[in-house]
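Working through the structure, step by step
One letter stands for each residue in the lines below.
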Amino acid sequence: ATWGYGNDNGPATWVKSFPVAAGTRQSPIDIVPTAAKCDTKLTENPLTVNYSPEPAMELCNPGLSVKANIKSKSVIKGGPLEGEYKLEQFHLHWGSADKQGSEHTLNGKMFPAELHLVHYNATKYSSFGEAVDKPDGLAVFGIFLKISDKPHQGLKSLTDVLSEVQYKDKSINIKQEYNPVCLLPDNINKYWTYLGSLTTPPLCESVTWIVFEEPIEVSEDQMKAFRALCCGECGSAPIVDNYRPPLPLGNRQLRASFQ
Ligand SMILES: NS(O)(O)c1ccc(OCc2cn(-c3ccccc3)nn2)cc1
Ligand SMILES: [Zn+2]
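A few points on the structure. Just so we're clear, the structure is a prediction, and the values are computed from it rather than from any experiment.

**A short note on the overall build of the chain**
Across its full length, the chain holds five helices and 15 strands. The C-alpha atoms of the chain give a radius of gyration of 17 Å, which matches the 18 Å a tight globule of 259 residues would have. With respect to the three principal axes, the spread of C-alpha positions in the chain is 50 × 40 × 40 Å. A burial count over the chain gives 51% of its 259 residues as buried. Contacts in the chain between residues at least 24 apart in sequence constitute 71% of all its contacts with a sequence separation of at least 6. For the chain, the computed accessible surface area is about 11,400 Å², with 54% contributed by carbon and sulfur atoms.

Here is the structure:
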């Protein structure tokens, strides 16, 4: 039985095949800003993003999300990171309704969706596959999505073509030069960071999480476009509520880059 988000194969069942699900650095978590420690080391060494345009970005439907695979050299460094991390892919998690969908929560509040930009430690490892299970292997940007009456222009290049990857294993190329930098919030200097894991199997405890305080704003129509994606072929269930609920922070330190 493959893992998913249903009653029989959802997050509560994953520990059977992936015992690390019961580990001490699992993600997501509930972010409680008052419990975060403001760390000036994070601001002394600002997070820097050097993303490049993707000539022909591949967008695919792997069945439980929608994912864009990155080929060009887009890298980040600084903040909590040692070395340079290279963008591998980005994808999203969303709800069946606006009241839920994000994986990280803010003071217990869920956002309608959360965007993940997945990077691997290119200074130490030669590929994502090599880095995926190393404690300093990955860095993932978590960006909250909130509803506004205007569509998000950067996401529009994707949401306008989601119908072409409606079914599992469909993929298309986004023709025009797409620079993923358009997906970041305006202010990337305000974030929380902690040591965590992949939020889906294999749940490797290999992620330095960087969750931005500023959400990006999307329209209700763009949310509807995500909710129209299907888990399988024509007639299969829509991809919705593909989020793992928060896990205990435990003994981990949540750090903030701002007061
Ligand atoms: N939701 S999340 O951003 O935390 C997130 C991010 C990346 C994920 O990768 C799944 C994956 C890929 N591979 C892999 C292994 C060997 C070679 C190639 C790929 N292993 N796990 C899962 C969740
Ligand atoms: Zn994710």
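**Here we look at the coordination of the zinc ion (ligand 2)**
Those protein atoms acting as donors to the zinc ion (ligand 2) are H91 (NE2), H93 (NE2) and H116 (ND1), and they sit at 2.0 Å. One way to put it: the four donor atoms around the zinc ion (ligand 2) meet at angles of 99 to 116 degrees, and that makes the site tetrahedral. Each donor residue of the zinc ion (ligand 2) lies on the same chain, and together they follow the pattern H-x1-H-x22-H. Taken together, the residues H93 in strand β7 (residues 85-94) and H116 in strand β9 (residues 113-121) connect sequence positions 23 residues apart. When sorted by exposure, H93 lands in the same class as H116, which is buried.

**Concerning the site of ligand 1**
Ligand 1 sits among 14 residues. The nearest are H91, H93, T199, T200 and P202. Between ligand 1 and H91 there is a distance of 3.2 Å, counted from a nitrogen atom to a side-chain nitrogen or oxygen. In this structure, an oxygen atom belonging to ligand 1 sits 3.4 Å away from a side-chain N or O atom of H116. Out of a free accessible area of 530 Å², ligand 1 has 68% covered by protein chains. In this structure, ligand 1 is accommodated by the largest pocket. Sorting the residues of the shell around ligand 1 by element identifies β7, β9 and α3 (128-131) as the ones contributing at least two each. The element contributing the most residues to the shell around ligand 1 is β7, with three residues.

**Focus: the state of the cysteines**
Counted according to the given criterion, the structure contains zero disulfides. Free of any disulfide, C182 has its nearest cysteine sulfur in C60, 18 Å distant. Of all cysteine sulfurs, the one in C60 lies closest to C204, which takes part in no disulfide; the gap is 19 Å.

**Brief notes about helix α5 (residues 220-227)**
When α5 is considered as a whole, its buried residues turn out to be Q222, M223, A225, F226 and R227. Tucked inside the fold, the buried residues of α5 contact β7, β9, β10 (138-147), α4 (153-159) and β14 (216-218).

**Points about the nonpolar core**
Counting residues in hydrophobic clusters, the biggest one holds 44 residues, and the most contacted among them are L59, F90, L117 and F141. Excluding anything up to four places from it in sequence, L117 contacts Y51, L87, Q89, F90, A139, V140, F141, I143, P180, L183 and L184.

**Let's talk about the environment of A113**
Tracing the chain through its elements places A113 in strand β9. A C-alpha to C-alpha distance of 6.4 Å links A113 and G95, two positions 18 residues apart in sequence. Contacts of A113, omitting those with residues within four sequence positions, involve H93, W94, G101, S102, I143, F144, L145 and M223.

Thresholds, definitions, all that
Residues numbered from 1 in each chain as written. Chains lettered and ligands numbered in written order. Predicted model: local features only at pLDDT ≥ 70, side-chain atom pairs only at ≥ 80, totals over all residues. Heavy atoms only, no water. Helix = DSSP H or I, 4+ residues; strand = E, 2+ residues; numbered from the N terminus. Rg over C-alpha atoms; globule rule 2.2 N^0.38 Å. Buried < 20%, exposed > 50% of the residue type's maximum accessible area, 1.4 Å probe, protein only. Contact = heavy atoms within 4.5 Å. Areas by Shrake-Rupley, 256 points an atom, 1.4 Å probe, with all protein chains shown as cover. Donors = N, O, S within 2.8 Å, 3.2 Å for Na, K, Ca; no water. Tetrahedral: all angles 85-135°; square planar, octahedral: opposite > 155°, others 65-115°. Near = heavy atom within 4 Å. Polar contact = N/O pair within 3.5 Å; in protein donor to acceptor, adjacent residues only side chain to side chain. 1 Å grid on protein atoms, 1.4 Å probe; cavity = no way out; pocket = protein on both sides within 12 Å on 5 of 7 lines; lining within 4 Å. Sits in = over half its atoms within 2 Å of the grid points. Disulfide = S-S within 2.5 Å. Core = buried A, V, L, I, M, F, W, Y, C linked by side-chain atoms within 4.5 Å.

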